Amino acid sequence: MAEVTMDKLVALCKARGIIFAGSEIYGGMGNTWDYGPVGVEIKNNIKRAWWKRFVHESENSFGVDAAILMNSRVWEASGHTTSFSDPKMDCKKCKTRHRADNLIENHSKGKVNPDLMTNEEMEKYIREHEVHCPVCGGFDWTPIRTFNLMFETSRGVTDESQNKIYLRPETAQGEFVNFLNVQRTTRAKVPFGIAQIGKAFRNEITPGNFIFRTIEFEQMEHQWFCKEGTDGEYYEQFKKKAMDFLVDLGFKQEHLRFHDHDKLAHYAKAACDIQYLYPMGWQELNGIHNRTDYDLSRHQEYSGKSLQYVDPVDGSRYIPYVIEYSIGADRLMLAVLSEAYEEETLPNGEMRGVLHFHPAIAAYKAAVLPLQKNLSEPAKELLKTLKKRFSVIYDEAGSIGKRYRRQDEIGTPYCITIDFDTLENGTVTVRDRDSMEQIRLHTSEVASFLDEKCAF
Ligand code: GAP
C-alpha cells in the first residue's frame, strides 16, 4: 500500500474540490484555506456527527452560538490578554519568524519537551545545540520575544472613540459567559453541558501543515459543569467519550493515543490530548481539560455578576467545576482524510485513490450514473427522489469506470447505475465503494438502503 503523504492529500483536495489555498489567485495567504464544494459537505457532516453525539444524544447538554466579537473584559478575565502568547525568535539572516518551542521540538525529534522550559532555558538550548534556521540554515537568532496570538481590531465611529476588540481565539468563553443564561432557560441541574461549534482566530506564524494549524479555524467545544469532587470522574468519562467518538468515526485505535500534559496551566487540575498519527507524525487532535472553577470564578470577579449555581435540593451555592473537551473541526477533517485515503492497486494493475471514510461523513451518499446518456431520463427521475432526502450527485460524463474512480476519490460510498434492466424491471446496480461489489435493488428500495448504511 502506497504511503499517504501530506503532498498527496493536498493534491487530492485541490483536484477534487475539497480544499483550495486561500486567496489563491492573489498568490495565497499563509495558513488560510478555502473549502470547496466537496470539502464543505464533508466538514459539515463532521460537525453534524459531533453535534449529534455530544448534544443531541447527550442527556443533559445544550448548544449555543455565541458572538465571535465579545466584550474585551472577557479576554482580560480569561487571561488571554496577558498570557496567550508564543515564544518567538527571528532569524536575522532571512528575517523569518519561528516559535522557539517548535525549533527545540524539531531539533530534538520530540525527545526534549520545551513546555517545561523557561524562555532563558530555551535560548540556552538553541545556543548550545546550534539549532539552525529551518528556512535558510543560518544561526543568528534574536532573543525570544513573546507575541500575543489574538487578532485585534477596533470598533467605533470616529478614530478617537475606537475601542480595541479581539477576534475570539477560542469558542469556550462564549459558553462560560452564557452559563447562567443556559441554566436558567433550560432549568438544567448540575451536572450539565454547553456545546458550541464556531470560528476561532489565532495569529499563528508557524507553518501550518495544510489545515492542521491555521489562523482561522473552527472549534467544537463542550464544557461540562459539575460539582467539585465529581470532576475527576467526569474527566475520565470525557476522555473515553472523546476516544469512542473517533473510533466510531472509523479511526484505527493504533493511530490514536492519549498524551498527558507535562506542564499544567495554573488553573488546570488535569489535562491531556488525544494525538493522531498524522502524515507528519503524532500531533494533538483534541484536548480534554479539568479547568476547575477558574473560568466562572474569573468571570464572576470581572463582571461583578454572581455565577453561583443554587442547588435546588439542598439550597447550597457554589461555582461549578468545568471539564472541557475541545476539538478543531479542521484538524479532525485532516485526520479523517489521512485515515481514509488509500491508493490501491487493483487486480488489473490499475491504481485507484479512494477515501474509505464512514458513509455519514461522505459529501455525497450516492452518485447516480446512467450507463449511457440515453438513460439520463430514468436516472434523473431517481436523482430527484433521492435528493429530497440525501446529498446525491449525478454524473454522465465519461466511461463508467472513470466515473467510479472519480467517486472513489471523493469517498462516495455508493454508485447507483441505471442500465437497460432498469427500463425492464425497475432495478438498478448499487456498487460499494470499498469492496467494489455490486448488488441489484429495486429503485423503491434505494432510499431505505442509503438510510440504513449512512446512519452515524
Ligand atoms: N478552549 C481550549 C482550547 O482552545 P486548545 O488546545 O488551544 O484549547 C483546542 O485548542 C483544539 O482546537 C486543538 O486541540 C485543535 O484541535 C484546535 N486548534 C487549536 N489551534 C488551532 C489552529 N491554529 N488551527 C487549527 N486548529 C486548532
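All figures in this text were calculated on a predicted structure; none of them were measured in a lab. (Residues numbered from 1 in each chain as written. Predicted model: local features only at pLDDT ≥ 70, side-chain atom pairs only at ≥ 80, totals over all residues. Heavy atoms only, no water.)

(A) Structural context of the domain arrangement of the chain. Under the domain assignment, the chain is made up of domain 1 (6-68 + 162-338), domain 2 (85-148) and domain 3 (364-453). Using C-alpha coordinates to define each centre, domain 2 is positioned 54 Å away from domain 3. (Domains from an automatic or database assignment.)

(B) Local environment of the side chain of Asp 86. With respect to the helices, strands and loops of the structure, Asp 86 is situated in strand E4 (residues 85-90). A polar contact is formed between the side chain of Asp 86 and the side chain of Arg 99, at a distance of 3.5 Å. (Helix = DSSP H or I, 4+ residues; strand = E, 2+ residues; numbered from the N terminus. Polar contact = N/O pair within 3.5 Å; in protein donor to acceptor, adjacent residues only side chain to side chain.)

(C) Molecular detail of the site of the ligand. Taken together, 21 residues sit near the ligand, with Glu 170, Glu 221, Glu 284, Leu 285 and Gly 328 positioned nearest. Between the ligand and Glu 204, the relevant distance is 2.9 Å, taken from a nitrogen atom to a side-chain nitrogen or oxygen of the residue. Between the ligand and Phe 212, the relevant distance is 3.5 Å, taken from a nitrogen atom to a main-chain nitrogen or oxygen of the residue. Listed by contribution, the elements that provide at least two residues to the shell around the ligand are strand E10 (216-226), strand E13 (281-290) and strand E16 (321-328). The dominant element in the shell around the ligand, judged by the number of residues it contributes, is E13, at 5 residues. Its residues assigned to classes, the shell around the ligand shows 5 nonpolar, 7 polar and 9 charged. (Near = heavy atom within 4 Å. Nonpolar A, V, L, I, M, F, W, Y, C, P; charged D, E, K, R; others polar.)

(D) Layout of unusual backbone geometry. Cis rather than trans, the peptide bond between Val 190 and Pro 191 has omega equal to 10°. The residue Pro 191 is located in the loop between helix H8 (179-186) and strand E9 (192-201) in this model. A positive phi angle is found at Glu 130, which is not glycine, with a value near 45°. Despite not being glycine, Thr 292 has its phi angle at roughly 50°, a positive value. Residue position: Thr 292 is located in the loop between E13 and helix H10 (294-303). Here Thr 292 falls in the buried class, since its relative accessible area comes to 12%. (Buried < 20%, exposed > 50% of the residue type's maximum accessible area, 1.4 Å probe, protein only.)

(E) Up close: the packing of aromatic side chains. One pass over the full model with this rule turns up 20 aromatic pairs. Taking the centre distance of 5.3 Å and the plane angle of 75° together, the rings of Phe 251 and Tyr 276 count as edge-to-face. Taken together, the residues span a long stretch of sequence, with Phe 251 in the loop between helix H9 (231-248) and strand E11 (256-260) and Tyr 276 in strand E12 (residues 270-278) at a distance of 25 residues. The exposure classification of Phe 251 matches that of Tyr 276, with both residues buried. Judged by centre distance (4.9 Å) and plane angle (85°), the ring pair of Tyr 276 and Tyr 278 falls under edge-to-face. A relative accessible area of 2% means that Tyr 276 is categorised as buried. (Phe/Tyr/Trp six-rings, centres within 6.5 Å; stacked < 30°, edge-to-face > 60°.)

(F) Structural view of the sheet that holds strand E5 (residues 97-99). With respect to topology, 3 strands assemble into an open sheet ordered E5-E4-E6, the strand pairing being antiparallel. Two strands in the sheet have a free side with no partner beyond their single neighbour: E5 and strand E6 (145-148). When strand polarity is set aside, the average angle formed by the axes of neighbouring strands in this sheet is 50°. Lying on the sheet, helix H5 (residues 100-107) is in contact with E4 and E5; it crosses E5 at an angle near 70°. (Pairing = 2+ DSSP bridges. Axes fitted to C-alpha atoms, helices over the stretch in contact; angles between N-to-C directions. Contact = heavy atoms within 4.5 Å.)

(G) A nonpolar patch on the surface, seen in detail. Taken together, the side chains of Leu 371, Phe 420 and Leu 423 define a hydrophobic patch exposed on the protein surface, amounting to about 270 Å² of accessible area. Considering the arrangement of structural elements, one finds Phe 420 in helix H14 (residues 420-425). Judged by its relative accessible area of 38%, Phe 420 is partly exposed. (Patch = residues over 30% accessible without salt bridge, like charges linked within 9 Å, V, L, I, M, F, W, Y side chains within 5 Å. Areas by Shrake-Rupley, 256 points an atom, 1.4 Å probe, with all protein chains shown as cover. Salt bridge = Lys/Arg side-chain N within 4 Å of Asp/Glu carboxyl O.)

(H) Structural context of the pairing of strand E21 (residues 414-418). Buried residues dominate E21, accounting for 5 of its 5 residues. Going residue by residue along E21, you find Tyr 414, Ile 416 and Ile 418 tucked away on one face and Cys 415 and Thr 417 tucked away on the opposite face as well. Note: strand E19 (residues 366-370) against E21, 5 bridges, orientation parallel. Residue pairing across strands places Pro 370 opposite Ile 418, the latter belonging to E21. Examined bridge by bridge, E21 and strand E22 (residues 427-432) share 4 bridges and lie antiparallel to one another. Opposite Tyr 414, over in E22, you have Asp 432 as the bridge partner.

(I) Structural context of the nonpolar core. Counting 59 residues, the largest nonpolar core has Ile 18 and Leu 332 as its most contacted members. Considering every element that reaches this core, the biggest residue donor is helix H11 (residues 329-340), with 8 residues. Other than its neighbours up to four places away in sequence, Leu 332 contacts Ile 46, Met 220, Phe 245, Leu 246, Leu 249, Phe 251, Leu 285 and Ile 327. Residues Val 368, Leu 441, Ala 447 and Phe 449 belong to the second largest nonpolar core, which totals 20 residues. (Core = buried A, V, L, I, M, F, W, Y, C linked by side-chain atoms within 4.5 Å.)

(J) View of helix H6 (residues 119-128). Restricting attention to buried positions, one finds in H6 the residues Met 122, Tyr 125 and Ile 126. The buried residues of H6 occupy an angular sector of 95° when projected down its axis, which confines them to one face. Exposed residues on H6 whose side chains face more than 90 degrees from its buried face are Glu 120, Arg 127 and Glu 128. In the core, the buried residues of H6 are packed alongside E4 and H5. (Arc of directions from axis to C-beta.)

(K) Structural detail: a negative patch on the surface. Taken together, the side chains of Glu 105, Asp 115, Asp 260 and Asp 262 define an acidic patch exposed on the protein surface. By the secondary structure assignment, Asp 115 is in the loop between H5 and H6. (Lys, Arg positive; Asp, Glu negative; His and termini not counted. Charge placed at Lys NZ, Arg CZ, Asp CG, Glu CD.)

(L) Local environment of the environment of Asp 260. Take Asp 260: it is sitting in strand E11. For the pair Asp 260 and Ser 399, spaced 139 residues apart in sequence, the C-alpha to C-alpha distance is 52 Å. Asp 260 has contacts with Lys 239, Ala 271 and Cys 272, leaving out every residue within four places of it along the chain.

(M) The packing of H5 against H6, seen in detail. H6 packs onto H5 with a crossing angle of 45° between their chain directions and a minimal axis gap of 10 Å. Comparing the axis directions of H5 and H6 gives the class oblique. As H5 packs across H6, the resulting crossing turns out to be left-handed. Contacts between H5 and H6 involve Ala 100, Asp 101, Leu 103, Ile 104 and His 107 from the former and Met 122, Tyr 125 and Ile 126 from the latter. Broken down by class, the residue content of the contact of H5 with H6 amounts to 6 nonpolar, 1 polar and 1 charged. (Parallel < 35°, antiparallel > 145°, perpendicular 65-115°, else oblique. Left-handed = near helix turned anticlockwise from the far one by under 90°.)

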